[in-house]
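Chain by chain, the residues:
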Amino acid sequence: MDSSDSAVSSDGTALETALAECLESKSGTSPNYRQNFERVVGAWIDFCDRKDVATLEAVSKRTMNQYSAHLARRIEAGNSDNVDGGISATTAWTYYDYVSAFLSWAVRHEYLAENPADKAVARESLPDRPSSGEYDRQYWQPEQRKTVMDFVRRRVDSAYQDPIAPTPILHKRLRDRALVATIAYSGVRGGEVLKDPNDSRRTGLRWSHVDFEEGVAWILGKNQDTEPAQFPEQVTDPLERWHEAYDPPSDDWPVFPSMHVPTLSRRIADALGGDERDRRTADRHHWTVALEAGVEPTSITTEGVRSLMKRLSAVAEVPGLDLEAGEYLTLHGARRGVGEFLYRNVSHEQAQRTLRHADPQTTSEMYSHIDASELADDNTEAFDRE
């Protein structure tokens, strides 16, 4: 009989004890990696407990085969309530690799003679590993975020130089800087702060929804409920400067108004009449007339901001983009970038709370490539000691 498939012995190293020792040996790795490692391996230990496997020495190929089957069922689960919850194939492989790394540590420290997770029979229930192409989704990288933010800040600074730019130009640059900062640092979805022509409820963020002191904006979330989104100082500072210059007649006005002349023209005509509009705009910008007359503009649309980001990406020469092919910084790429930065540098929980994911698995799935990358670094270190 294969000794690796023997029954649980009363002697041996408790899995919880081994995990604590393993984590202590990883003190040189990133806090986020250790946290995720502990979370995933801890969940695996709970799984082992349900299988009456309590010690390292009792973990077998059969144990790992049962675990891979468990992960396969979770892949199939989707949103089913009948099992633990749905995960992607990428996430399943990340979880399996974490456990395999833990067992490799046990081999190096002579708790085990071999790693049962390495055996083909142990992982036969899992689907093929996803290709790298499945990771090809845009995430704003820190350098990209810094490049576009530096550019919109310089545009504002130049508008204040002598002679100061006309009000419409100054206002547009202040709005654009506040808008890009909101996208770049808050983690909100575009449709939560902008006008979505396809959804009558999404008319854009209003000033009454922003609390500068608390660093919070109340938005219409993905689930169609009003919920708070965090606005750090990187967002509130340019927003406050924009609000001071904008000086909207009412807090019900949009935070990010459209300054599209044809749109403003229609709004002014509807409010004042076509003749009055023509008279007032004969020698003045439509934006100036709208402010003076108290004609509320519409919020800029998601499509309008996509066009803006295409222009800004090109003129700012954002690195890492194929600008000649028309690649640009996308709205959702900004959201993913916020989550990725927090996931790498703070914690899984911080990323989850900022992105307002109700299910932690959603965050884990979105950033499983980070876990896999850090796992590769960990394994590189292990093989270097071989």
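Residues numbered from 1 in each chain as written. Predicted model: local features only at pLDDT ≥ 70, side-chain atom pairs only at ≥ 80, totals over all residues. Heavy atoms only, no water.

1. Structural notes on a negative patch on the surface
Part 1: A cluster of like negative charges, contributed by Asp211, Glu213, Glu214, Glu233, Asp237, Glu240, Glu244 and Asp247, occupies part of the molecular surface.
Part 2: With respect to the element layout, aspartate 237 can be found in helix H8 (residues 233-246). (Patch = residues over 30% accessible without salt bridge, like charges linked within 9 Å, V, L, I, M, F, W, Y side chains within 5 Å. Areas by Shrake-Rupley, 256 points an atom, 1.4 Å probe, with all protein chains shown as cover. Salt bridge = Lys/Arg side-chain N within 4 Å of Asp/Glu carboxyl O. Lys, Arg positive; Asp, Glu negative; His and termini not counted. Charge placed at Lys NZ, Arg CZ, Asp CG, Glu CD. Helix = DSSP H or I, 4+ residues; strand = E, 2+ residues; numbered from the N terminus.)

2. Points about unusual backbone geometry
Part 1: Residues aspartate 162 and proline 163 are joined by a peptide bond in cis, for which omega reads 0°.
Part 2: If you trace the backbone, proline 163 turns up in the loop between helix H5 (142-159) and helix H6 (167-186).
Part 3: Positive phi values are uncommon outside glycine, yet aspartate 52 reaches one of about 60°.
Part 4: Among the secondary structure elements, aspartate 52 is positioned in the loop between helix H2 (31-50) and helix H3 (61-77).

3. Quick look at the environment of isoleucine 300
Part 1: Structurally, the position occupied by isoleucine 300 is in the loop between helix H11 (286-293) and helix H12 (302-315).
Part 2: Considered as a pair, isoleucine 300 and valine 255 are 45 residues apart in the sequence and their alpha carbons are 9.2 Å apart.
Part 3: In contact with isoleucine 300, not counting residues within four places along its chain, are Arg175, Leu194, Lys195, Phe256, Pro257, Ser258 and Val305. (Contact = heavy atoms within 4.5 Å.)

4. Overview of the packing of aromatic side chains
Part 1: Enumeration according to the criterion identifies 12 aromatic pairs in this entry.
Part 2: Here the aromatic rings of phenylalanine 102 and tryptophan 105 are separated by 6.1 Å at their centres, their planes lie at 10°, and the arrangement is stacked. One end of the pair, phenylalanine 102, and the other, tryptophan 105, are both in helix H4 (residues 89-108), 3 residues apart, so they sit about a helical turn from each other. Just as phenylalanine 102 is buried, tryptophan 105 falls in that class too.
Part 3: Among the aromatic residues, those joined into a ring-pair cluster are Trp207, Phe212, Trp242, Tyr246, Trp253 and Trp287.
Part 4: The side chain of arginine 145 reaches across the aromatic face of phenylalanine 341, ending 5.6 Å from its centre. (Phe/Tyr/Trp six-rings, centres within 6.5 Å; stacked < 30°, edge-to-face > 60°. Buried < 20%, exposed > 50% of the residue type's maximum accessible area, 1.4 Å probe, protein only. Lys NZ or Arg CZ within 6 Å of the ring centre and 35° of its normal.)

5. A closer look at helix H1 (residues 15-25)
Note on helix geometry: an α-helix contains 3.6 residues per turn, so any two residues three or four positions apart are oriented the same way.
Part 1: All of the buried residues in H1 are Leu15, Ala18, Leu19, Cys22 and Leu23. An end-on view of H1 places all buried positions within 135° of arc, on one side of the element. (Arc of directions from axis to C-beta.)

6. Describing the confidence of the model for the protein
Part 1: Per-residue confidence for the protein gives a mean pLDDT of 86; residues scoring 70 or more make up 87%.
Part 2: Across residues 79-84, where pLDDT falls below 50, the model places 5 contacts with residues more than four positions away in sequence or in other chains.
Part 3: Counting interchain partners and residues more than four positions distant, the pLDDT-below-50 stretch residues 132-136 has 3 contacts. (pLDDT = per-residue confidence, 0-100.)

7. Re the environment of asparagine 345
Part 1: Tracing the backbone shows asparagine 345 in helix H13 (residues 331-345).
Part 2: Overall, the relative accessible area of 51% leaves asparagine 345 in the exposed class.
Part 3: Along the backbone, asparagine 345 and tyrosine 33 are 312 residues apart, and their C-alpha atoms lie at a distance of 9.6 Å.
Part 4: Of note is the side chain of asparagine 345, whose polar atom sits 2.8 Å from the backbone oxygen of phenylalanine 341. (Polar contact = N/O pair within 3.5 Å; in protein donor to acceptor, adjacent residues only side chain to side chain.)

8. Observations concerning the pattern of salt bridges
Pairing between side chains of opposite charge can happen when their charged atoms approach one another.
Part 1: Using the criterion set out here, one finds 17 salt bridges in the structure.
Part 2: Of the charged contacts, one joins aspartate 150 and lysine 146 as a salt bridge, the two residues approaching to 2.8 Å between their closest N and O atoms. With a gap of 4 residues between them, aspartate 150 and lysine 146 both fall in helix H5, about one helical turn apart.
Part 3: Given the relative accessible area of 16%, aspartate 150 is considered buried.
Part 4: Of the charged contacts, one joins arginine 277 and aspartate 278 as a salt bridge, the two residues approaching to 3.1 Å between their closest N and O atoms.
Part 5: Residue classification places aspartate 278 among the partly exposed residues on the basis of a relative accessible area of 43%.
Part 6: Three or more residues are tied together by salt bridges with common partners; here these are Arg155, Lys172, Arg175 and Asp176.

9. Some points on the packing of H6 against H8
Part 1: Put simply, H6 and H8 touch, their axes get as near as 8 Å, and they point 155° apart. As far as their axial angle goes, H8 and H6 are roughly antiparallel. For the pair H6 and H8, the crossing hand works out as left-handed. Taking contact as the criterion, the partners of His171, Leu174, Arg175, Arg177, Ala178, Ala181, Thr182, Tyr185 and Ser186 in H6 are, on H8, Gln234, Val235, Pro238, Leu239, Arg241, Trp242, Ala245 and Tyr246. (Axes fitted to C-alpha atoms, helices over the stretch in contact; angles between N-to-C directions. Parallel < 35°, antiparallel > 145°, perpendicular 65-115°, else oblique. Left-handed = near helix turned anticlockwise from the far one by under 90°.)

10. Section: the sheet that holds strand S3 (residues 226-230)
Part 1: What the 3 strands build is an open sheet, ordered S1-S2-S3; its pairing is antiparallel. Each having just a single partner strand, strand S1 (210-211) and S3 make up the two edges of the open sheet.
Part 2: Here S1 runs beside strand S2 (residues 216-220); their pairing, made up of 2 bridges, is antiparallel. Bridge assignment links valine 210 to a residue of S2, and that residue is alanine 217. (Pairing = 2+ DSSP bridges.)

11. Regarding the nonpolar core
Looking at soluble globular proteins, one finds that nonpolar side chains tend to be buried together.
Part 1: Within the largest apolar cluster, 52 residues are counted, with the highest numbers of intra-cluster contacts made by Phe256 and Met309.
Part 2: Elements with a contribution of two residues or more to this core: H5, H6, S2, H8, helix H9 (261-272), H11, H12 and H13.
Part 3: The element contributing the most residues to this core is H6, with 8 residues.
Part 4: If you look at the next biggest cluster of nonpolar residues, it comprises 36 residues, including Trp44, Ile45, Trp93 and Phe102. (Core = buried A, V, L, I, M, F, W, Y, C linked by side-chain atoms within 4.5 Å.)

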